[in-house]
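Chain and residue survey
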Amino acid sequence: MKRKFITVSLTALVTAIVILGLFEWQAQRNQLKADSVEVVSSNILGEDREVLIHLPRDYDEQTAVKYPILVVLDGSSKDFTLSGVGDILTAAGVMPPVITIGIPNTDRNRDLTPPFCAQETGGDIVGAGDTFLAFITDELVPQINKRYRTTGQQLIAGHYRAGLFTLYAMVERPDFFDAYFCFSPAFWRDDTAILPEAERLLTEVDSFPAFMYLSLGTEENDKMRKGYLAITDLLDHKPVPGLVVTHEFMPGADHGNNTFLSAPAALRSWSKYVGQ
């Protein structure tokens, strides 16, 4: 009983620290800046792409320490959310520090839509997500790994269309990322065209050592819910050895704030997966 009380008390304390930190961080959000900006001259995309680098607070002091990297789509927005929440959880001792890489958009619909989905509902121009994924895996991440102290452990996160892209990255390059975070993912696009692709992956692989977190706000619409349930039901009914999946409906969350409200649970779940 005493041990249970201590565990509950510690959980409540950590939760309180996180909530207070989130309020403080949200109040200061407009003043936040990335630690640095890298430019990747991409031969694959045929353009220069800026990326925002968020370093752990002790990066300059802990010169012998290496860090996982978290690639966050919709940079200049969602990267600040995840890096801010990550800093709070790291300070609370419940998450290992990571380097967060935010990729701002130039043509969001083109880059974040898989090549088997139309960029616009009812349109005939398909996405170029395969090209954008190649940019991330073959140009961006190698450049980050050369310039910063990294462990080789690579995570990716996205919201809505970027959440769809995150699952597409798992399907297309299951050997590359170690963890996937899908917030309010647009799995519904093109009649849930991502579903058979995900089913093919889960059927073909014998093992898949990775972590995956998915969330949808309880206040999101039925179209979002239908696509989300199609994928989460698949993940539940076709388990693959090594693949650890956590999915949930976030109480009270809507499409606009689900990433913010889900980020603490997402990052803490990953931390437990890696043994933090």
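Residues numbered from 1 in each chain as written. Predicted model: local features only at pLDDT ≥ 70, side-chain atom pairs only at ≥ 80, totals over all residues. Heavy atoms only, no water.

1. Focus on the overall build of the chain
Secondary structure assignment for the chain yields 9 helices and 8 strands. Each of the 276 residues in the chain was classed as buried or not, and the buried ones make up 48%. When contacts within the chain are restricted to residue pairs at least 6 apart in sequence, those whose partners lie at least 24 apart make up 76%. Carbon and sulfur atoms provide 52% of the accessible area of the chain, an area that totals close to 12900 Å². (Helix = DSSP H or I, 4+ residues; strand = E, 2+ residues; numbered from the N terminus. Buried < 20%, exposed > 50% of the residue type's maximum accessible area, 1.4 Å probe, protein only. Contact = heavy atoms within 4.5 Å. Areas by Shrake-Rupley, 256 points an atom, 1.4 Å probe, with all protein chains shown as cover.)

2. What to know about the pairing of strand E1 (residues 36-42)
Relative to strand E2 (residues 47-54), E1 is paired through 7 bridges, and the arrangement is antiparallel. Among the inter-strand pairings, Val-39 is bridged to a residue of E2, identified as Glu-50. Joining the antiparallel neighbours E1 and E2 is a turn of 4 residues, in which Gly-46 adopts a positive phi near 70 degrees. (Pairing = 2+ DSSP bridges.)

3. Focus on a nonpolar patch on the surface
A surface patch of nonpolar side chains, amounting to about 200 Å² of accessible area, comprises Val-244, Tyr-273 and Val-274. Tracing the backbone shows Val-244 in strand E8 (residues 243-250). According to the relative accessible area criterion, Val-244 is partly exposed, its value standing at 34%. (Patch = residues over 30% accessible without salt bridge, like charges linked within 9 Å, V, L, I, M, F, W, Y side chains within 5 Å. Salt bridge = Lys/Arg side-chain N within 4 Å of Asp/Glu carboxyl O.)

4. Considerations on unusual backbone geometry
Its identity as a non-glycine residue notwithstanding, Ser-76 has a phi of 80 degrees, on the positive side. Relative to the assigned elements, Ser-76 resides in the loop between strand E3 (67-73) and helix H2 (78-91). One non-glycine residue with positive phi stands out, namely Tyr-160, at about 60 degrees. On the secondary structure map, Tyr-160 appears in the loop between strand E5 (150-159) and helix H5 (161-172).

5. Quick notes on helix H9 (residues 258-274)
Taking 1.5 Å per residue, 17 residues should reach 24 Å; H9 reaches 24 Å between its end C-alpha atoms and fits that length. At Pro-264, H9 shows its largest kink, close to 30 degrees. Burial in H9 covers these residues: Asn-258, Thr-259, Ser-262, Ala-263, Pro-264, Ala-266, Leu-267, Trp-270 and Ser-271. (Expected span 1.5 Å × (residues − 1). Bend = angle between axes of the 7 residues up to and from the residue.)

6. A closer look at the environment of Thr-203
Locating Thr-203 in the fold gives a position in helix H7 (residues 194-204). Each C-alpha atom, one on Thr-203 and one on Lys-238, is 7.6 Å from the other, the two residues being 35 residues apart in sequence. Polar contacts involving the side chain of Thr-203 include one to the main-chain carbonyl oxygen of Glu-199, which spans 2.8 Å. (Polar contact = N/O pair within 3.5 Å; in protein donor to acceptor, adjacent residues only side chain to side chain.)

7. Quick notes on the sheet that holds strand E4 (residues 99-103)
One open sheet accounts for 8 strands, arranged E1-E2-E4-E3-E5-E6-E7-E8; its pairing is mixed. Lying at the two open borders of the sheet, with one neighbouring strand each, are E1 and E8. Mean inter-strand twist for the sheet, computed between neighbouring axes without regard to direction, equals 20 degrees. In this sheet, strand E6 (residues 179-183) lies alongside E5 in parallel orientation, the contact comprising 5 bridges. Residue pairing for E6: His-159 is matched across the bridge by Phe-183. (Axes fitted to C-alpha atoms, helices over the stretch in contact; angles between N-to-C directions.)

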